Amino acid sequence: MIILMFSGVNTIASYVGPLLITSFVDFLSRKDDKSWYNGMVLALIFFLAKTAESLSQRLWYFGARRLGIRVKAALMVLIYKKSLSIKYGSMSNGKIINFLNVDVEKIGDFCWYFHGIWLLPVQVICALVILYKNLGAAPSLAALFTTIIVMISNTPLANKQERLHTKIMEAKDSRIKATSETLKSMRVLKLHSWESNFLKKLLKLREVERDWLRKYLYTCSAVAFLFWASPTVVSVVTFGVCIMLRTPLTSGTVLSALATFRILQEPIYNLPELISMLAQTKVSVDRLENFIVEEDQKRLIHCNNFDTPDVAIEIEAGEYAWENKDAKIPAVKITEKIRIMRGHKVAICGSVGSGKTSFLCSILREIPRISGSGILTYGSKAFVPQSAWIQTGTIRENILFGKEMNQTFYEGVVEGCALNHDINMWADGDLTMVGERGLNLSGGQKQRVQMARAIYSNSDIFLLDDPFSAVDAHTGAHMFNKCLMQLLQNKTVIYVTHQLEFLDASDLVLVMKDGRIIQSGKYKDLIAMPDGELIRQISAHSKSLDQVNAPKMCIGLAKKKHGSSQIEVTEDKIEDLTDSNRVAGRTRHEETETGRVKWHVYSTFITSAYKGALVPFILMCQVLFQGLQMASNYWMAWGTEEGRVTRGHLIGIFSLLSGGSSFFILGRAVLLSTIALKTSQHLFLQMITSIFRAPLSFFDTTPSSRILNRSSTDQSVVDTDIPYRLAGLVFALIQLFSIVVLMSKVAWPIFYIFIVVIAISTWYQTYYITTARELARMVPNQQAPILHHFSESILGSATIRCFNQEDRFSKKNLNLIDNYSRVAFYNSGTMEWLCVRINFLFNLVFFLLLIILVNLPRSAIDPSLAGLAATYGLNLNVLQAWVIWNLCNVENKMISVERILQFTKITPEAPLVLDDCRPETDWPFNGKVEIENLHVQYRPTLPIVLKGITCTFPGEKKIGVVGRTGSGKSTLIQALFRVVEPSDGRIMIDEIDISKIGLQDLRSRLSIIPQDPVLFQGTMRTNVDPLQEHSDQDIWKVLHKCHIADDVKQDQRLLDAPGISHNKILQKRTTFSFELIIFLSQNFKKLCSC
């Protein structure tokens, strides 16, 4: 209600000036000086009305912005809570980022436009009252009908704007989604030398977005033309009717009408803008509504009353299927009731794709139930997923996961998870910072950290999804004995495993196949069944080992152990490997500039399009527009004096001058849109190219949210905001200068007053901008952690829900949103602080102008020129506030350009291609790898990881690289791919020093299965063959080799079906590449057991 009151006062006060301008011009036209008192009263009323208008406007805008900040904060909280409840794996980071950066912003900004809905008719009515008073009924009706026609003509453009904006949002969604996926897959892309192809895909998506943006901006040019031309059209029609009806016209009535038309310009423009804003807001509301009304994740029913104290989990018969509820074959089908007793250890085994992970997810309620009574759990749960989820933060924070520190228990957990050695190696111990998604940890380290997190939670039920797959055999044996058999001795544990040696220690073994439990019982009983599925799996496991050329002694030992039906788990003492472990680095703090935005940022932006060649033409159009507009207004006021010109001549010249000004406005708008398109695309190409050429260390230390923030928020500002704000500042300065010249010509003392006021305004602006600039830089810096927290929470939503940590994560989200809202509020408050003072200063200038005019001798005044000066002076406070506000806001917005330019200067990797040193097309010929005195360290300030390795890998041989977790295996692989450049020594492949050739020539000839599996959004075909270089026949051949063809054929879409099974997809990619060297890193063990 308070905002409504201020907006109403502002609207009424803004029409006081046009209402009184007739009386003031009539006062100046009188030849006697005896009415001095009346003139002073008029001047005082003008001043009070302008002061009320300014103050109410500032209070209105301040209240609207504050409300908008609150609305945005509430929506962000709502989206976050909803994101945590969305079913497992069905949420897109790119979509969430667009929700936050675009849709929430649109809805928040609508608070500023909301009161325009009811103010629009009020403004039109006030204008008609003034026109009726000055010109009569017929001209007023003509003005009304013309206004309606102009508004109606704007409506199709507004509808087109809405449609184009929707298309832009859809295109932006696709681009941000693809960018997010690409950033998370950057390691795989660079290792396979695919980044150039994926960059082309992104550029194609950007081109689609740019096509819609081009149409949108040129439509905006048409709207801008109608905005500036509407007063001209309305005034020509209205004065034309007056001429036809011979309505008496005076300088006062003409100037009052012109001032009214100028104010009427706002509702004419606001209607299509309001319609467009309503449409855009509706699009955003609909998008959020569709997201919010999605079926919530049903929380798992916890039964803590322990009516059945010996039972931990009750599993009723039922069927569970992923996402597609119409699937004919469920992912998990439970045919009979299962009771898991408290304190029991339950092992789940089965071949890859048999439904083990889906079975755990059904217990967690992370997979939709399509039939049956469901699953009951009695007590708290902890979950260790197969793909490790690690938070950005310290190792200690990841382990504690919101729990209080219990030093004794903590040390026991760390020792049980074999993390002692790693922590001792890191300079900051367990306070070492972990990068985004744990990128600076090895696969084994990430698995052990999340294992420690689960154990430290001290839950009642533990669900472990293949927890020993990412660690070596010694570490796995240590963790099994220390964690499962000691720390979790009295806990209920359900663990999935491919290591058959871990089955004997369980109380119950569940054997799965095709989503069903086909065998269950104690290990000794199951292996006593010669025709049982477990025996078949053990036999298949032995045969797969026999296929590997292992030493005969090892094969004999394995056969001996299997033959005895007893697989013993042994533990070796973990030794200190002083040369092991990649030291975890710190996440790089976001770089922010300080002080004023540098001039080179402005010059780079202005010259990005055609080297600035179009800028002079835009300025010329604005100067000619302003000159012709003022000339037409003066001509109309001067020509109404009796006998100076004929009525036909009067309206003809007025129409010609007004039409000329409108023509230049159209040229200005088109040229400005052309520059905006060219500039935004130039900066985008520079930034995205620089990012794709950055080394992997950049992505390890830079959260993807920072890159996405620049690619979405900052790029949107550059696309549609900065060019128009910068141009608006220049246009406003030209208008202000022309008004100063006009006022100084009428009353020369006002020029010196202007100089004083401008000096004070400049001091205010300088005082303000030092604070506002830093606040503007803080806004995106405070927004980036929100985006990062959203992204991180979505990836780990299943873990967060399982640990019942939603409240803690929501609280952290609230704190981050509060920090962002606080800075946004201060930024808005400081802006209003400046505007109030600047408005008052220029209201004072206008008041002093009127006093000077009142006191000047009548013989020294041209009433028409003086009235014209007073008419333009009505907008002086708004114009000057607009200049100062734009001056500050442009600098604040230019920070987006500054942030984009930061990412155009990333130190690149080595060149992709060296033309003077390219290997032959069939290189490598034999695959012989020679490593000579290889020393590797990740950064000059960090310890050396590989210390003088010298060895030779014979060509056409299978080489196994073995070692303890963190011993440097992955570092050796990275050196072969030149992810890390050697500090000393060299690597030769078939007599070619790999450091002497381009990265693309090197990496495209090698192939790798990385530790962290990556699956792209898309079909089976695009995942197997991302570059689309091979035929369907070749793809099916590979699918059969990887034993996944039958799974693909279950879907009628075949190769167009969505991709599945991360490790299988990665194996197929590697089989599909026709390279001579294959590095299988730590996935070797998994591949052998497939």
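No experiment lies behind these values; they were computed from the predicted model shown.

**Points about the overall build of the chain**
Tallying secondary structure elements over the chain gives 36 helices and 20 strands in all. For the chain, the residues scored as buried account for 56% of the 1090 residues in total. Taking contacts inside the chain between residues at least 6 apart in sequence as the whole, the part at least 24 apart equals 84%. For the chain, the exposed area adds up to about 45800 Å²; of that, 59% sits on carbon and sulfur atoms.

**Quick look at the packing of helix 14 (residues 443-456) against helix 15 (residues 473-487)**
Orientation of helix 14 relative to helix 15, taken along the N-to-C sense of each, is 5°, at an axis distance of 12 Å. On the basis of the axis angle, helix 14 is roughly parallel to helix 15. Across the interface between the two elements, Arg448, Met451 and Ile455 of helix 14 pack against Thr475, Met479, Cys483, Leu484 and Leu487 of helix 15. A class-by-class count of the residues in the contact of helix 14 with helix 15 yields 6 nonpolar, 1 polar and 1 charged.

**Looking at the environment of Gly659**
Note that Gly659 resides in helix 21 (residues 647-692). Gly659 gets classed as partly exposed once you look at its relative accessible area, which sits at 36%. Distance in space between the C-alpha atoms of Gly659 and Gln629 is 9.2 Å, their sequence separation being 30 residues.

**Observations regarding the sheet that holds strand 15 (residues 929-936)**
On the basis of which strands lie adjacent, the open sheet formed by 4 strands has the order 16-15-17-18 and antiparallel pairing. Edge positions in the sheet fall to strand 16 (946-953) and strand 18 (992-993), since each has one partner strand and no second. Relative to strand 18, strand 17 (residues 984-989) is paired through 2 bridges, and the arrangement is antiparallel. The partner of Ile989 across the bridge, within strand 18, is Ile992.

**Concerning the sheet that holds strand 7 (residues 375-377)**
One open sheet holds the 3 strands; their spatial order is 4-1-7, and the pairing between them is antiparallel. The sheet is open, and its two edges are formed by strand 4 (338-341) and strand 7, each paired on a single side. Strand-to-strand twist across the sheet, computed as the mean angle between neighbouring axes with direction ignored, equals 15°. Of the strand pairs in this sheet, strand 1 (residues 311-315) and strand 7 are connected by 3 bridges, and their pairing is antiparallel. Across the sheet, Ile315 pairs through a bridge with Ile375, a residue of strand 7.

**Comments concerning the nonpolar core**
Counting residues in each nonpolar core, the largest one holds 139 residues, and the members touching the most others are Phe24, Phe239, Phe699, Met894 and Val897. Tallying contributions element by element places helix 27 (residues 806-855) first for this core, with 14 residues. Once you skip the residues sitting within four places of it in the chain, Phe24 turns out to touch Leu42, Phe46, Leu850, Leu853, Val854 and Ala870. Counting 101 residues, the second largest nonpolar core, distinct from the first, contains Ala331, Val414, Cys417 and Leu503.

**Observations concerning the packing of helix 1 (residues 2-14) against helix 2 (residues 16-29)**
Close contact between helix 1 and helix 2 brings their axes to 5 Å; oriented N to C, the two are set at 20°. It follows from the interaxial angle that helix 1 and helix 2 lie roughly parallel. Together, Ile12, Ala13 and Ser14 of helix 1 and Val16, Gly17 and Pro18 of helix 2 make up the contact between the two elements. Looking at the contact of helix 1 with helix 2 residue by residue, the class counts come to 4 nonpolar, 2 polar and no charged.

**With respect to the pairing of strand 15**
Of all 8 residues in strand 15, 6 are buried, a share of seventy percent or more. In terms of strand pairing, strand 15 meets strand 16 through 6 bridges, oriented antiparallel. Considered in strand 16, the bridge of Glu930 is made with Thr952.

**Describing the pairing of strand 17**
Examined bridge by bridge, strand 15 and strand 17 share 5 bridges and lie antiparallel to one another. Looking at the pairing, Val929 lines up with Ile989 of strand 17.

**Let's talk about the pattern of salt bridges**
One pass over the full model with this rule turns up 29 salt bridges. Asp430 is the salt-bridge partner of Arg396, the closest N and O atoms lying 3.1 Å from each other. One end of the pair, Arg396, is in helix 11 (residues 395-400); the other, Asp430, is in the loop between helix 13 (420-425) and strand 10 (433-434), and 34 residues separate them in sequence. Between Arg1003 and Glu909 there is a salt bridge, and its shortest N-O distance comes to 3.1 Å. Within this pair, whereas Arg1003 is found in helix 31 (residues 999-1003), its partner Glu909 is found in the loop between helix 29 (876-902) and strand 15, the two being separated by 94 residues in sequence. Both residues of the pair, Arg1003 and Glu909, count as buried. Overlapping salt bridges bring together Lys172, Arg175, Arg206, Glu209 and Asp719 as one network.

**Some details on the packing of aromatic side chains**
For any pair of aromatic rings, geometry is given as the distance between the ring centres together with the angle between the planes. Within the structure shown, the criterion is met by 32 aromatic pairs. Judged by centre distance (5.3 Å) and plane angle (25°), the rings of Phe409 and Tyr456 are stacked. You can see Phe409 sitting in helix 12 (residues 407-416) and its partner Tyr456 sitting in helix 14, a full 47 residues away along the chain. According to the relative accessible area criterion, Phe409 is partly exposed, its value standing at 26%. Tyr456 gets classed as buried once you look at its relative accessible area, which sits at 4%. Ring geometry for Phe825 against Tyr826: centres 6.1 Å apart, planes inclined by 55°, an arrangement best described as tilted. Taken together, the ring pairs in this structure connect Phe24, Phe27, Phe46 and Phe846 into an aromatic cluster.

**Let's talk about the state of the cysteines**
Per the stated rule, a full pass over the model turns up 0 disulfides. Free of any disulfide, Cys483 has its nearest neighbouring cysteine sulfur in Cys417, separated by 3.8 Å.

**Notes on unusual backbone geometry**
Most peptide bonds are trans, and most residues other than glycine sit at a negative phi. The peptide bond linking Trp923 to Pro924 adopts the cis configuration, its omega dihedral lying at 0°. Even without being a glycine, Asn804 presents a positive backbone phi close to 55°.

**Description of the environment of Leu487**
Position of Leu487 relative to the elements: it lies in helix 15. What makes Leu487 partly exposed here is its relative accessible area of 28%. Not counting the four nearest positions on each side in its chain, Leu487 is found in contact with Gly412, Val413, Gly416, Ile455 and Lys482.

**A few points about a nonpolar patch on the surface**
There is a patch of nonpolar side chains on the surface, built from Trp36, Tyr37, Val41 and Ile45 and spanning about 400 Å² of accessible area. Counting through the fold element by element, Val41 comes out in helix 3 (residues 36-85). Judged by its relative accessible area of 32%, Val41 falls in the partly exposed class.

**So, the confidence of the model for the chain**
On average, residues of the chain score 79 in pLDDT, and 86% of them reach the 70 mark or higher. Counting interchain partners and residues more than four positions distant, the pLDDT-below-50 stretch residues 549-586 has 75 contacts. A low-confidence stretch, residues 1060-1090 (pLDDT under 50), is modelled with 96 contacts involving residues beyond four sequence positions or located in other chains.

**Here we look at the side chain of Ser690**
By secondary structure assignment, the location of Ser690 is in helix 21. Here Ser690 falls in the buried class, since its relative accessible area comes to 10%. If we ignore the near neighbours within four places in the chain, the residues touching Ser690 are Phe903, Thr904, Lys905 and Ile906.

**Quick word on helix 25 (residues 749-795)**
Between its terminal C-alpha atoms helix 25 stretches 68 Å, which fits the 69 Å expected from 47 residues at 1.5 Å a residue. Largest kink in helix 25: about 35°, centred on Ile769.

**Remarks on the side chain of Asp993**
Residue placement: Asp993 occurs in strand 18. Despite its burial, Asp993 remains without a salt bridge, the nearest opposite charge being carried by Arg986 at 4.4 Å. Polar contacts involving the side chain of Asp993 include one to the side chain of Ser995, which spans 2.9 Å. Setting aside chain neighbours within four positions, we find Asp993 in contact with Arg986, Ile987 and Met988.

Conventions adopted
Residues numbered from 1 in each chain as written. Predicted model: local features only at pLDDT ≥ 70, side-chain atom pairs only at ≥ 80, totals over all residues. Heavy atoms only, no water. Helix = DSSP H or I, 4+ residues; strand = E, 2+ residues; numbered from the N terminus. Buried < 20%, exposed > 50% of the residue type's maximum accessible area, 1.4 Å probe, protein only. Contact = heavy atoms within 4.5 Å. Areas by Shrake-Rupley, 256 points an atom, 1.4 Å probe, with all protein chains shown as cover. Axes fitted to C-alpha atoms, helices over the stretch in contact; angles between N-to-C directions. Parallel < 35°, antiparallel > 145°, perpendicular 65-115°, else oblique. Nonpolar A, V, L, I, M, F, W, Y, C, P; charged D, E, K, R; others polar. Pairing = 2+ DSSP bridges. Core = buried A, V, L, I, M, F, W, Y, C linked by side-chain atoms within 4.5 Å. Salt bridge = Lys/Arg side-chain N within 4 Å of Asp/Glu carboxyl O. Phe/Tyr/Trp six-rings, centres within 6.5 Å; stacked < 30°, edge-to-face > 60°. Disulfide = S-S within 2.5 Å. Patch = residues over 30% accessible without salt bridge, like charges linked within 9 Å, V, L, I, M, F, W, Y side chains within 5 Å. pLDDT = per-residue confidence, 0-100. Expected span 1.5 Å × (residues − 1). Bend = angle between axes of the 7 residues up to and from the residue. Lys, Arg positive; Asp, Glu negative; His and termini not counted. Polar contact = N/O pair within 3.5 Å; in protein donor to acceptor, adjacent residues only side chain to side chain.

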